[in-house]
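Spelled out, the chains give:
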Amino acid sequence: MEKVDSEVNSEVNSEVISETVTEVVSEAVAEVISETVTEVVSEAVTKVVSDVVPDVVSKVIFHEDVCKGCRLCTTACPKGIVVVDTDKLNSKGFHPATVKAEDMEKCISCAFCATICPDVAIEVRK
Ligand code: SF4
Ligand code: SF4
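This section reports on the structure supplied with the text. Counting restarts for each chain: residues are numbered from 1 in the order of the written sequence. To label them, take the chains in the order written and letter them from A, then take the ligands in the order written and number them from 1. Predicted model: local features are reported for residues with pLDDT of at least 70 only, side-chain atom pairs are reported and counted for 80 or more only, and whole-chain, interface and lining totals are derived from all residues.

1. Section: the overall build of the protein chain
(1) Moving on: When helices and strands are counted, the protein chain shows four helices and four strands.
(2) Moving on: When the helices and strands of the protein chain are read in sequence order from the N terminus, they spell out α-α-β-α-β-β-α-β.
(3) Moving on: Here exposure depends only on C-beta density: within 10 Å of a residue's C-beta, 20 or more other C-beta atoms make it buried, 12 or fewer make it exposed, and intermediate numbers make it partly exposed, the C-beta atoms being placed from the backbone. Looking at the protein chain as a whole, 11% of its 126 residues are labelled buried.
(4) Moving on: When contacts within the protein chain are restricted to residue pairs at least 6 apart in sequence, long-range pairs at least 24 apart make up 64% of them. Helix numbering and strand numbering both begin at the N terminus, where a helix is a DSSP run of H or I of at least 4 residues and a strand a DSSP run of E of at least 2. Residues are defined as contacting one another if the C-beta atoms placed from their backbone atoms lie within 7 Å.

The structure is reproduced here in structure tokens:
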């Protein structure tokens with residue numbers, strides 16, 4: 001027996017809806033994956049640049065495990081770029097001081113941060 005028009009229309013509509021939903025979901029998933037990959041790669045590159053090769057890119061180098069998180073250096077920086085990293089704990093259990101990679105170019109190598117640090121946790125390059 002042949003299908004009536006309404007049955008055929010219903011099947012066609014279901015197919016169109018299914019294809020559209022699949023397309024939208026697939027685009028959304030692709031976008032999320034793309035953003036996540038970009039974020040992960042960007043974080044990894046920043047970490048490599050700031051942690052693995054600090055001597056090459058940093059004017060100011062923090063010896064994190066020496067830092068006791070007293071924040072004196074954050075008050076001394078005329079550029080306001082020294083912060084404590086509240087997302088990190090060093091081996092002593094303190095939030096270590098740092099300059100974020102994106103702020104490093106603002107450093108003028110004045111060494112005020114290094115001079116004020118009671119634990120000699122900071123090195124500054126000219
Ligand atoms: S060297 Fe000077 S400008 Fe650079 S982080 Fe230290 S206090 Fe700030
Ligand atoms: S002054 Fe020294 S010990 Fe204190 S937070 Fe800064 S780097 Fe750490």
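2. So, the site of ligand 2
(1) Moving on: For each residue, a C-beta atom is placed from the backbone, and the residue is labelled near a molecule or strand when this atom is within 6 Å of it. As a matter of local geometry, ligand 2 sits amid 14 residues, with Cys67, Cys70, Cys73, Ala97 and Cys117 nearest to it.
(2) Moving on: Amino acids outside the nonpolar list (Ala, Val, Leu, Ile, Met, Phe, Trp, Tyr, Cys, Pro) and the charged list (Asp, Glu, Lys, Arg) are all regarded as polar, and Gly is one of them. Of the residues belonging to the shell around ligand 2, the class tally is ten nonpolar, one polar and three charged.

3. Brief notes about the site of ligand 1
(1) Moving on: Around ligand 1, the surrounding shell holds 16 residues, and the nearest of these are Cys77, Cys107, Cys110, Phe112 and Cys113.
(2) Moving on: For the shell around ligand 1, the residue count by class is 14 nonpolar, one polar and one charged.

4. Observations concerning the nonpolar core
(1) Moving on: Think of a nonpolar core as buried Ala, Val, Leu, Ile, Met, Phe, Trp, Tyr and Cys residues, each tied to the set through C-beta atoms within 7 Å. Counting twelve residues, the largest nonpolar core consists of Val60, Phe62, Cys67, Cys73, Cys77, Val82, Ala97, Val99, Cys113, Cys117, Ala121 and Ile122.
(2) Moving on: When neighbours within four sequence positions are excluded, cysteine 117 is seen to be in contact with Leu72, Cys73 and Ile122.

5. Quick look at the environment of methionine 104
(1) Moving on: Position of methionine 104 among the secondary structure elements: in the loop between β3 (97-99) and α4 (112-116).
(2) Moving on: Distance from methionine 104 to valine 60, taken between C-alpha atoms, is 7.8 Å for residues 44 residues apart in sequence.

6. A word on unusual backbone geometry
(1) Moving on: A positive phi angle, near 70°, is found at alanine 111, a position not held by glycine.
(2) Moving on: Looking at where alanine 111 falls in the secondary structure, it is placed in the loop between β3 and α4.
(3) Moving on: Even without a glycine there, the phi angle at valine 120 is positive, about 50°.
(4) Moving on: Turning to its location among the elements, valine 120 is positioned in the loop between α4 and β4 (122-124).

All quantities given are derived from atomic positions and should not be read as evidence of function.
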